[in-house]
Every structure is written in C-alpha cells, then in structure tokens.
Amino acid sequence: MRVKVDQIIFWPSLLVVIVATLFLVIFKESAGPVVESLMTDITHRLDWAFEFLTIGLFIILAWLMLGKYGRVKLGDIDDKPEFSRFSWGGMLFCASMGTSIMFWSIVEPLYYYTGPPFGIEGESTTAAEYAVSYGLFHWGISAWALYALPAVVMAYSFYVRKERSLRISAACRGVLGKHADGIIGKIIDILVIWSMIGGLGTSLGLGVPMVSAVIGNLIGIEPSLGLNIVIILIWTVIFSSSAYFGLYKGIRKLSDWNVYLALGLAIFVIIVGPTLFILSYFTNSLGLMLDNFMRMSLYTDPIEKGGFPQAWTVFYWAWFAATASFIGIFVARISKGRTIRELVFNVLMWGALGSWLYFGVFGGYTMDLQLTGKVDLVPILEQSEPAVIVAVLNSLPMPIVVSIFFVVLGFIFLATSLDSASYVIASVATKELYSNAEPARWHRLLWGILLSALAISLTIAGGLSVVQTSSVLVSVPILIMYILLSISLVRWLRQNEDQHVYVKKRRS
C-alpha cells in the first residue's frame with residue numbers, strides 16, 4: 001500500500017527547521033548568548049520539575065512492569081516479535097546513544113574528578129570515587145526511564161489501539177481527544193521534529209570534532225573545517241544507504257554490527273588495560289551510585305548553589321527529554337509483539353547495562369591513567385575535550401590500530417542514530433502507516449540529506465552549539481507532553497481492559 005506524506009506536517013516542519021537554522025546561523029553572535037541565558041534559566045528554575053519528572057516516570061514504569069498491565073501484548077493475539085532480542089536491544093541502544101556514549105564515557109569522569117558534587121574537594125580521593133559513579137547515574141536507569149515511557153505509549157497507540165500514524169500527538173489522544181488531529185496535535189508533532197533535529201545536532205557536535213581529532217592524529221594533520229565536512233559527507237553516505245534499505249535490511253543490520261564493534265572495543269580495553277582496577281573500580285562506583293541514588297536524583301544544591309546539579313543532572317534530563325519522543329517512536333515501531341513488561345524492562349536494562357559497560361571500562365581506564373600519573377589528562381582537558389580522547393587512545397597498545405577501530409565505530413555509531421532519526425521524522429510526516437508499512441524511500445532520504453546539509457551549513461557557520469542548546473529549550477513543553485502521555489496511557493489501559501491480549505507468564 002502506498003504511503004502518503006502529510007502536507008500539513010511536512011511543509012511547516014521543513015519550513016521551521018530551515019528558517020530557525022538560517023536565523024541561528026545569521027544571528028549566531030546575538031542568538032548564542034540569548035539561548036545560553038534561557039538554558040541557564042530553565043536548568044536553575046525548573047531543576048525540581050525535571051528531577052521529580054524522572055522519579056515519577058520511574059514509579060509509573062515500575063507499576064507497569066509489576067502490575068497486571070505488564071502482560072498486555074503490544075499487538076494482536078497472533079503477532080510475534082519481528083526482531084530477535086539481540087537485534088531489538090541493539091537497535092534501541094544504538095539509536096539512543098550515538099557517539100555520545102563514546103565521547104562522555106572518557107571525558108565526563110574527569111569533569112567530576114576536578115569539579116565534584118556535594119561540596120567535595122576537587123581531585124581528592126572522594127572526588128575520584130564519585131568520578132565514574134555519577135556517570136553511571138546520569139546514563140543509567142533514570143535516563144532510560146525518560147525514553148521508556150514514550151515508547152510504551154506510542155507502541156500501545158500503534159499496535160493496540162490501531163492508530164494509523166507514528167506520532168506523539170496520536171499517543172496523546174487519550175487526553176486531547178479530537179484536538180490530537182487539530183492545530184494542537186500539529187504543533188506537538190512539529191516540536192517533536194525540531195527536538196530531533198537539535199538532538200542530532202548535539203550528536204554531531206560531539207561526534208564530528210572527536211572523529212576529526214582522531215583522524216588528524218592518525219594521518220598527522222590538524223583537524224580543520226574541510227576534514228569535518230568530509231566526515232559529515234561519509235556519514236551521509238553510510239546512514240542514507242541504511243535508511244534507504246529500510247528498517248529490516250538496513251537499520252537492523254547496521255545496529256547489529258554496531259553492537260559487535262562496541263563490545264569488541266570494550267573487551268579489548270578490559271584485557272589490555274588494568275583489568276583488576278577496572279573491575280574493582282566499577283564495582284565500587286556502582287555501589288556508591290546505588291547507595292546515593294535518591295540523593296543524586298533529587299539533589300538541587302539550594303544552599304551553596306554550586307551549580308553542579310543544574311549543569312549536569314538537570315541538563316541531561318532536559319536533553320534526554322527533548323530527544324525522548326524520537327527514541328520513543330522508533331522503539332515503539334520495532335516492538336510489535338512484545339508485552340508492556342518486556343518493553344519497559346528491556347529498554348531500562350539494555351540501555352543501562354550498555355551505558356554502564358562503557359563508563360565502567362573507558363571511565364575506569366581514563367581514571368587509572370590520571371590517578372597513576374601515566375598520563376596527566378586534566379591539563380589536556382582544559383585545552384580540548386577531543387584531545388583527551390586522542391591521548392587516551394594513544395596510551396593503549398597498538399594505538400594506530402585502536403584509533404582506526406575507534407573511528408570506524410564512531411562512524412557507525414552516529415550513522416545508526418541518524419538513519420533511525422530520518423526514518424522517524426519521515427514516519428511523523430507520513431499521513432497513515434499500517435503496522436508493517438514504512439515511510440517512502442524518497443521521504444527517508446530527503447530528511448537524511450537535509451540533516452547532513454544542515455550539519456555542514458552549521459559547521460561552516462559555527463552555529464552547531466546554538467542549535468544543540470536550543471533543542472533543549474524544547475524540553476519545557478515536553479514536560480507537559482509527558483503528563484499527557486501518562487494520563488492517556490492510564491485511561492486507555494482502564495478503558496480497554498476487557499479487550500487486551502494478555503500473555504501468560506512462562507513457567508521455567
């Protein structure tokens with residue numbers, strides 16, 4: 001069946017993205033400080049809201065997993081999962097993390113070591129203990145709770161209620177009613193598309209300089225604008241090809257390779273690095289994080305006002321919330337035939353375990369270099385974050401081979417995020433989608449090419465950081481979206497209780 005583009009969403013979304021980007025490029029000198037000021041106001045005035053949101057979502061998800069609704073099947077009685085558990089888990093993790101996990105698992109612990117929370121003295125023994133534990137917290141279960149709730153509601157809307165569109169507006173129909181198809185629903189979907197563009201801007205803003213620095217070190221040249229553009233063009237070819245072949249032949253296979261390579265690199269570092277220290281340090285960091293979980297979750301520092309929770313925790317929750325609609329739509333699309341319990345549990349566990357693996361291994365290795373004096377990374381961090389990554393890679397055995405492997409992984413990691421994003425944006429801007437239908441190929445490719453063109457334009461103009469920050473501003477209306485999604489899901493579950501397909505518990 002031929003799928004049609006929704007003109008009312010497609011053209012305004014295209015116009016908003018292009019006009020907003022041009023505005024930020026042309027007026028980047030004046031727009032930058034304004035956007036930064038707005039971001040600071042959000043993180044300091046709404047710190048309590050984002051922290052309560054995250055805890056509240058975790059409680060709702062626990063209720064879904066442990067209650068009777070956990071056995072509700074996302075589909076008809078004969079529907080089976082379309083993907084193996086490995087491919088399914090790989091796609092949901094790779095689409096969410098991109099190059100961000102590669103970048104921050106190395107750099108972030110050093111920031112916590114030099115500027116720790118709770119009034120702890122920088123570069124002290126206690127600061128070193130918290131360096132990786134806070135990374136495990138920020139990229140763990142709380143972060144993935146922000147992704148899991150939209151995924152459940154979208155999957156229920158699409159596979160149980162048989163909505164014919166993969167849109168957040170449709171998932172809010174339980175509250176909005178007929179307004180989901182009106183101007184309110186269109187505004188929600190356009191905001192979702194902008195948040196996706198900004199979220200990808202963040203991934204590009206981290207990934208391009210990182211890969212550029214490693215390639216520059218390999219071939220003996222300084223990272224430059226030309227090199228950055230070449231990197232973006234290579235990425236375009238990879239993810240456009242994947243998006244063209246679609247969900248089953250392209251995105252799934254690329255994600256599978258992504259997981260194999262990511263696991264291979266982590267295992268290599270564990271074997272050749274300080275194995276016992278990495279394992280012991282991770283164990284201690286995990287225990288410290290679990291012991292202080294509620295304190296970390298609700299820490300706002302209102303007395304000393306040091307700014308740590310606003311700069312890190314609240315910013316992360318706002319960033320993850322801004323991109324959650326994209327992840328939710330994609331994860332919902334690949335979760336046909338699963339139960340609600342299965343979906344929630346796997347999003348939380350696959351996501352948290354993958355993040356913990358990278359922070360435990362690369363964060364532990366980085367901190368070992370710093371604490372033993374093998375490489376003094378703190379002064380390097382003050383100069384450049386990508387330079388820290390180059391220094392860490394050069395400290396490993398066979399640094400040239402490892403760096404090449406790291407570059408290849410970086411290309412594939414970001415490509416899996418970009419092809420998923422172009423797929424989702426095309427899905428949102430498509431009029432009707434049935435359970436096995438996909439957006440038109442030209443439509444997927446169009447958004448992929450547009451994303452690359454915007455990235456190149458912003459890289460040339462130096463406005464990528466402004467788009468990154470502006471995307472997080474979208475997280476304020478997203479707070480309301482979470483409330484609408486939660487109420488819609490609860491209403492639907494109760495209204496359709498007699499019509500649900502319940503999957504019986506399997507006996508071992």
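Summarised in this report is the structure supplied together with it. (Residues numbered from 1 in each chain as written. Predicted model: local features only at pLDDT ≥ 70, side-chain atom pairs only at ≥ 80, totals over all residues. Heavy atoms only, no water.)

## Let's talk about the overall build of the protein chain
Each helix and strand counted, the protein chain has 21 helices and 0 strands in total. Scored against the burial criterion, the 508 residues of the protein chain give a buried share of 61%. By sequence separation, contacts in the protein chain at least 24 residues apart represent 84% of the contacts at least 6 residues apart. If you sum the accessible surface of the protein chain, you get close to 20,000 Å²; carbon and sulfur atoms cover 65% of it. (Helix = DSSP H or I, 4+ residues; strand = E, 2+ residues; numbered from the N terminus. Buried < 20%, exposed > 50% of the residue type's maximum accessible area, 1.4 Å probe, protein only. Contact = heavy atoms within 4.5 Å. Areas by Shrake-Rupley, 256 points an atom, 1.4 Å probe, with all protein chains shown as cover.)

## Quick look at the side chain of glutamate 342
Residue position: glutamate 342 is located in helix 15 (residues 340-372). A distance of 2.9 Å separates the side chain of glutamate 342 from the side chain of arginine 85, its partner in a polar contact. (Polar contact = N/O pair within 3.5 Å; in protein donor to acceptor, adjacent residues only side chain to side chain.)

## Some thoughts on unusual backbone geometry
For glutamate 123, which is not glycine, the phi dihedral falls at a positive 60°. Relative to the helices and strands, glutamate 123 resides in the loop between helix 5 (100-114) and helix 6 (125-138). Glutamate 123 sits in the partly exposed class, given a relative accessible area of 45%. You will see that aspartate 301, though not glycine, has its phi angle at about 50°, which is positive.

## Description of the pattern of salt bridges
Inspection of the entire model under this criterion finds 8 salt bridges. For arginine 173, the salt bridge identified is with aspartate 181, shortest N-O distance 2.9 Å. Where salt bridges share partners, they join Arg85, Arg338 and Glu342 into one cluster. (Salt bridge = Lys/Arg side-chain N within 4 Å of Asp/Glu carboxyl O.)

## Brief notes about a negative patch on the surface
A surface patch of negative charge is lined by Glu121, Glu123, Asp376 and Glu382. Mapped onto the elements of the fold, glutamate 121 is located in the loop between helix 5 and helix 6. (Patch = residues over 30% accessible without salt bridge, like charges linked within 9 Å, V, L, I, M, F, W, Y side chains within 5 Å. Lys, Arg positive; Asp, Glu negative; His and termini not counted. Charge placed at Lys NZ, Arg CZ, Asp CG, Glu CD.)

## Brief notes about the packing of aromatic side chains
Evaluated as defined, the whole model comprises 35 aromatic pairs. Judged by centre distance (5.0 Å) and plane angle (70°), the rings of tyrosine 112 and tryptophan 312 are edge-to-face. On the criterion of sequence distance, the pair formed by tyrosine 112 in helix 5 and tryptophan 312 in helix 14 (residues 308-333) is long-range, its members being 200 residues apart. Judged by its relative accessible area of 0%, tyrosine 112 is buried. Over the ring of phenylalanine 118 we find arginine 295; its NZ or CZ atom is 3.8 Å from the centre of that ring. Looking at arginine 338, its charged tip hangs above the ring of tryptophan 88, at a distance of 4.1 Å from the centre. (Phe/Tyr/Trp six-rings, centres within 6.5 Å; stacked < 30°, edge-to-face > 60°. Lys NZ or Arg CZ within 6 Å of the ring centre and 35° of its normal.)

## Describing helix 15
Here helix 15 is 33 residues long and its end C-alpha atoms lie 47 Å apart, about the 48 Å a rise of 1.5 Å per residue gives. Among the 33 residues in helix 15, 25 count as buried, and that is most of the element. Just downstream of helix 15, glycine 373 is the residue with a positive phi angle, here 80°. (Expected span 1.5 Å × (residues − 1).)

## A word on the packing of helix 14 against helix 18 (residues 399-428)
For the pair helix 14 and helix 18, the least separation of the axes is 10 Å and the interaxial angle reads 85°. The orientation of helix 14 relative to helix 18 falls into the category roughly perpendicular. The segment helix 14 lies against helix 18, with Phe326, Ile329, Phe330 and Arg333 engaging Ser417, Ser420, Ala421, Tyr423, Val424 and Val428. Class assignment of the residues belonging to the contact of helix 14 with helix 18 gives a composition of 7 nonpolar, 2 polar and 1 charged. (Axes fitted to C-alpha atoms, helices over the stretch in contact; angles between N-to-C directions. Parallel < 35°, antiparallel > 145°, perpendicular 65-115°, else oblique. Nonpolar A, V, L, I, M, F, W, Y, C, P; charged D, E, K, R; others polar.)

## Observations concerning the side chain of serine 488
Tracing the sequence through the fold places serine 488 in helix 21 (residues 475-495). Owing to a relative accessible area of 0%, serine 488 belongs among the buried residues under this scheme. A distance of 3.2 Å separates a polar atom in the side chain of serine 488 from the backbone nitrogen of valine 175.

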